[in-house]
Structure formats: C-alpha cells, structure tokens
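Fold and geometry: a report
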Amino acid sequence: MRIQKLFLTGLLVAAAGLSGSAGSRAPQAPDAQAPAADQWVGKKICGYPRPEGVPLEVWENACEACTSIPTTPEASADGALTTHSCDGGYEVRIKIVPGRKHEPGTMRPVMKGGGLGAEKPPERQERKVGEIPEVPETYTRYDAAYPFMNEKGVIIGETTIGGRRELYNDEGIFDIMELQRLALERAATAREAIKIMGEFAEKYGYGDTGECLTIADAKEVWQFEIFGAGPVELGAVWAARRIPPGEVGVSANRSRITTLDGGPDFVMRSSNLEQVAEENGWWEKGEPFIFNRVFDMSGPPMPNRREWRVLSLLAPSLKLDPWAPEQPFSVKPDQKVTVRQLMAIHRDVYEGTPFDQTKSPLAGPFGTPNRWALPRDWKPAEGYQPVERQIAVHQCSYVVVLQARANMPPWIGSLAWFAPDDAKTSVFSPFYAGNLSVPVPYEIGRRDRFDRGSAWWASNFVGNWSNLNYRAMIQDIRARQSEIEDRLFADQPIIEKTALELYKADPDRARRFISDYSNRVAQENYQKWWELADKLVTDYQDGGSRAAPEKRTVPADWLEKQGPFGTKVPEPAATAKPRAPAKR
C-alpha cells in the first residue's frame, strides 16, 4: 500500500510540475520572485537543502538555533546533566503547569504551533489540531518555548536538526514542543519519555522539522532524534541512543546518531527506519545503516564549530580537530563536569582560539562578539568565513542547565538553572522540580514591549547596552555574575539539607520551603540585574565618562591594525620667495 501511495504521489507531483501549478517542487528559475517575507518564519524552512529564495542569515537564524550538552551522572560531579540554549525569537516566559487527576473518558487536546511568544500574530500562536485519550493523572511540569522538566526529575534539552526536506509532513498533529509536554506529563524516567514520544508520533503523525532532544533522569542520559515519515502517510522515523556512562555528548543543530547497535540498553528506535530509507532511495540492503547519513544529510558532513568547542573544553587532552567533518558522538571528560562548567560553555564565544569572535574586524574597537546581518549581496573573500556560529548568541531567548540527582526526592534533587536571554550577559537562578510557582517577572515579557517588570527585559537590556563597550562592560557583568552565582552554589547544599530534614516530617512543608527559596532568589536576581543595568548606563554615559580610563580608551592594538585612517591632511605648499619692493 505504501508503495502505491508513493507512486501516486510521484504522479501528482510530476503533473503539478508540468502544469505549472502552485504545487510544483521544481527548482526556482534564477529570476524567480523570492518568497514573501512571511514565508521565511518558523522552522518549516529548516532542512536540507536550504530553500530557494530564503536568505542564508534567515535560514541560519531559524535552523542553527540551539545547543545542548548531555552529561551522564558518571561523568558529572553532581548528577545527570543536560542543557538547552533557546537561540532565536522564541517564547521568553516560563510557567509551572500543575499535575491533575482526570475522569475516565477525558480527552486531552493536542496543540500545535506555539512557543514563539505573545507578540507573534494569531496565525503563529498555538492552535488545537486534535485530541488523544487522557491518562488518569499527569505530573507537574515546567512550560516554556520548549518544556524542560517535571516533578519526577525528567529533564529535556533541545536542538533543531532539520533533516531531509522530503520527510516533512505538516499533517502530523504533534510538533516537538507538544511531544515534550506529553512526555513530561506522563513519564517518570527518560526511557518512558522516549517511548511515549515515539509511540504517539508514529500513531498520530509528527508534523515538525527534524529535532533532537537530550533526555535524562537521575540514572540515564539519552539523545533522541526524530523526523517525519514523508508526505505519503502520517508517522515518524526516530531513534534514541544512550550516552555511554562516564561520557558527555553535544547536539548543535545536526543529527549526531550514527550506528544503532548496542542492544535495548543503549538503543531505541522506530521499526520503519530501513523501509522509509529504502523507499526513498537513501539506502540499499547490504549497506551499513548510518542513521544521520540517511535522514539528515543531503551531502557530505561539514565541520561544526560548536561540537568541537564543547567537546574540546571538556576533554582537551583529545586535541580534537576543529576542521574535522564530524566529531565523536560522545567523549570521556578529562575531569568530572560541573554545572558551572556548563554555564561557562553557554557563555563561550571562542575566546583564546583562532575563531575568537571578540578579535574579528566585525567586533569593532571594543570587541563585541555579537553579529548583525551582513548585506545580502556582499560576498566574502574567497576562502574566508567571516562569521563563526558561536555558542553564546545575542538573539537567545533563554538558557537552562538542568540537573537530576538520585540521592534525594526528585523534586528536590532535580532543578533548572535558568538564565533569561543570552547567558553571557545574564545570570542563572535555580528553579526546583518541586516549585509550586515562579516569580511574576519570569512569567511575563514580550519582545514588542519594553517592560521593567520582566526578567527577560532586564537581561536583554544589559546585553544590548554592553555592545557599546563590550570589552569593558563584560568585566563588570562577569563580576556581578560571579558574586551572585558564587553565593547560590555556596547556599545550595545548606538549602537542600534543610529541605530533606523537613521532608522527613512534612513533605508538603519541605516543598513549600524549596519553592519559597527558589522564588526569593530568582526575584532578587531580577532586581539585581536591573540595578546592574542602571549602573552600566550611568558608568558608560558619553563613552564611559565615569568609568576608569583604561575601560573607555580605544585599544592601541586595534588602532594599529586599522592602518592610516582619518582625514588626509594635504601636503604644505612650497614656500614662495618674497618679492622685492617696487621701486619708486
């Protein structure tokens, strides 16, 4: 039946191309009109190859848009870890969705298309696309652009990986955000979460671009990658590979799963992988089955700078090649990985490497690593890559470093270190899995309205202001980050010890205690970041008139690199001989 559907679909596509209908998938002629701007939004443009008419910077902003670092508990100094930088114009608010009990026969609505922020137009807000049977009881979870944690200690990071465009099928009712919500509502372990997402995507259809989720509980860490099954029928192709104990991985907007050996302890997958691959001509029986080659790549692999940087920072002894087309799926770190290391990596702009974005001519005299769009008709010199996609980017919506530990109740042992906006100019606050609420400043915020009541706007303002003199202001920002985060990490064991003691006598009281603590420090951090913003405005007024001289002076080495510049002064005219006085 599937072969018949493929044949009929091919006939329809061919007919559409011959008749010149809007359904044609033929390449655009060079002089074809470019797509309207509203066609350049969202992840539908992701996948390979880049669509005709979509500018490179638009495609990269939508599709090169997140980084995640899954770390096994055996490789970590304190529990299983994963991360997510939500890079791009996504929802900036977070909230807690309480678990509920449901009567038999209750149906759960399936929503699609949200996670982009309140400022987006109605057609880009989430909408109901179907229903599924509800379970008797759901777990409390955190909601954000990409939901990330539940009260059972299941934690999830995300990156978009695109994949082959032929796999996309918009008729599938589940997008990746709704699969995450469903998993966090129903799963008590990472394995359960993967099975739930795979089962429902296969049954009801996956209608999103290719995605990677890094999923963990206190014992195991997995990398889950999913694509649609193509335009012929609803479904999904997916695989999950466990990060080997004692190792750390990375996901940076391309599929990382290669082989699928290792047995059920280390691999889960949909049953249709070979069938879909063979029917599309991407694989033949007898060939090695390499998952990412089959479903994600339309050409040979290319270097991915973020993969190299993450793994090199955690395992420098390996001396990984930054120009290698592929990096190892996972590595053993040289030392136990800490939460603070992962925070630092999410603040990284390749300083101290040949790819240092603070040293580029585009960084200006004060070394900002943030990059704006280059002219679309501008061509770099042959053999040069003018901009590196760094880990920390200014257009980030939020960063979360997630932690799950086995030696305490999950709603104490699991927590999200959350930083609004760009981590390099923001501050992390701890939100526990047992939180009953989050402070109002973290529940509000939209990009089209400046709002001093919003934690996201506080961090976004500091980040934007720092572009005036990044070299100097980042010193002030880092000092404030260290001061606040040093105190949080010093207090963490004391707070958790108190919560555990309360838990023995009164679990509800312990939960209120941990929630009140979390909300208090998050509220304080929001206020402290506005105070920092005000100080930066004051200190760096008029080019930094209130800052130390060395902070406001244009660096001499930058001036020397510019060569002669300024107004060209004309050569002085030759001195004329004085004329003799006229005789009378």
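Further up the page is the structure itself.
Definitions and limits used
- Residues numbered from 1 in each chain as written.
- Predicted model: local features only at pLDDT ≥ 70, side-chain atom pairs only at ≥ 80, totals over all residues.
- Heavy atoms only, no water.
- Helix = DSSP H or I, 4+ residues; strand = E, 2+ residues; numbered from the N terminus.
- Buried < 20%, exposed > 50% of the residue type's maximum accessible area, 1.4 Å probe, protein only.
- Contact = heavy atoms within 4.5 Å.
- Areas by Shrake-Rupley, 256 points an atom, 1.4 Å probe, with all protein chains shown as cover.
- Polar contact = N/O pair within 3.5 Å; in protein donor to acceptor, adjacent residues only side chain to side chain.
- Salt bridge = Lys/Arg side-chain N within 4 Å of Asp/Glu carboxyl O.
- Pairing = 2+ DSSP bridges.
- Axes fitted to C-alpha atoms, helices over the stretch in contact; angles between N-to-C directions.
- Phe/Tyr/Trp six-rings, centres within 6.5 Å; stacked < 30°, edge-to-face > 60°.
- Lys NZ or Arg CZ within 6 Å of the ring centre and 35° of its normal.
- Parallel < 35°, antiparallel > 145°, perpendicular 65-115°, else oblique.
- Left-handed = near helix turned anticlockwise from the far one by under 90°.

A few words on the overall build of the chain. What the chain contains, in helices and strands, is 15 helices and 16 strands. Each of the 584 residues in the chain was classed as buried or not, and the buried ones make up 53%. Long-range contacts, defined here as pairs at least 24 residues apart, represent 71% of the contacts in the chain between residues at least 6 apart. Carbon and sulfur atoms provide 55% of the accessible area of the chain, an area that totals close to 27,300 Å².

This next bit is on the side chain of Glu-496. Residue placement: Glu-496 occurs in helix H12 (residues 470-505). On the basis of relative accessibility, which here comes to 5%, the residue Glu-496 falls in the buried class. Among the polar contacts made by the side chain of Glu-496, one reaches the side chain of Tyr-432 at a distance of 2.8 Å. Beyond its immediate chain neighbours, meaning those up to four positions away, Glu-496 contacts Arg-405, Met-408, Ile-412, Leu-415 and Tyr-432.

Moving on, we come to the pattern of salt bridges. Tallied over the full model, the rule gives 35 salt bridges. Of the charged contacts in the structure, one is a salt bridge between Arg-478 and Glu-351, with a shortest N-O distance of 2.9 Å. Within this pair, whereas Arg-478 is found in helix H12, its partner Glu-351 is found in the loop between helix H8 (339-345) and strand E14 (396-404), the two being separated by 127 residues in sequence. Judged by relative accessible area, which is 36%, Glu-351 ranks as partly exposed.

The next point concerns the pairing of strand E9 (residues 221-227). Counting buried residues along E9, seven of its seven residues qualify, which places the element largely inside the surrounding structure. Relative to E9, strand E8 (residues 210-216) is paired through six bridges, and the arrangement is antiparallel. Directly across from Leu-213, in E9, lies its bridge partner Phe-224. Turn length for the E8-E9 hairpin, with the two strands adjacent in sequence and antiparallel, is four residues.

Moving on, we come to the sheet that holds strand E7 (residues 155-162). Spatially, the five strands line up as an open sheet ordered E7-E8-E9-E10-E12, and their pairing is antiparallel. The strands lining the two open edges of the sheet, one partner per strand, are E7 and strand E12 (267-269). Sheet twist, expressed as the mean angle between neighbouring strand axes with direction ignored, is 15°. Note: strand E10 (residues 237-242) against E12, three bridges, orientation antiparallel.

The subject of this paragraph is helix H7 (residues 305-314). Counting buried residues along H7, nine of its 10 residues qualify, which places the element largely inside the surrounding structure. Of the residues making up H7, those classed as buried are Arg-305, Arg-306, Glu-307, Trp-308, Arg-309, Val-310, Leu-311, Ser-312 and Leu-314. Against strand E1 (66-67), strand E11 (248-249), strand E13 (330-331) and H8 lie the buried residues of H7. Between a side-chain oxygen at the N-terminus of H7 and the backbone nitrogen of Arg-306 the separation is 3.2 Å; the capping residue is Asn-304.

Let us now look at the packing of aromatic side chains. Taken as a whole and assessed by the stated rule, the structure comprises 27 aromatic pairs. A ring pair is formed by Tyr-142 and Phe-148, whose centres lie 5.3 Å apart and whose planes are at 25°; its orientation type is stacked. With relative accessibility at 2%, the residue Tyr-142 sits in the buried group. Phe-148 gets classed as buried once you look at its relative accessible area, which sits at 1%. The ring of Trp-530 has Arg-452 sitting right over it, with the charged end atom 4.4 Å from the ring centre.

Let us now look at unusual backbone geometry. Of note, Tyr-350 is a non-glycine position whose phi angle comes to about 70°, a positive value. Looking at the secondary structure, you find Tyr-350 in the loop between H8 and E14. In this structure, Asp-421 takes a positive phi of about 65° despite not being glycine. Turning to its location among the elements, Asp-421 is positioned in the loop between strand E15 (414-420) and strand E16 (429-432). For Asp-421, a relative accessible area of 2% puts it in the buried group.

Interhelical geometry of helix H3 (residues 176-186) versus helix H4 (residues 190-204) gives an angle of 135° and a closest axis separation of 9 Å. Relative to H4, H3 is oriented oblique. Like other packed secondary-structure pairs, H3 and H4 cross with a definite hand, here right-handed. Contacts between H3 and H4 involve Leu-179, Gln-180, Leu-182, Ala-183 and Arg-186 on the former and, on the latter, Glu-192, Ala-193, Ile-196, Met-197, Phe-200 and Ala-201.

Here we take up the packing of H12 against helix H13 (residues 507-539). For the pair H12 and H13, interaxial distance at closest approach is 10 Å and the crossing angle is 170°. Classified by the angle their axes make, H12 and H13 are roughly antiparallel.

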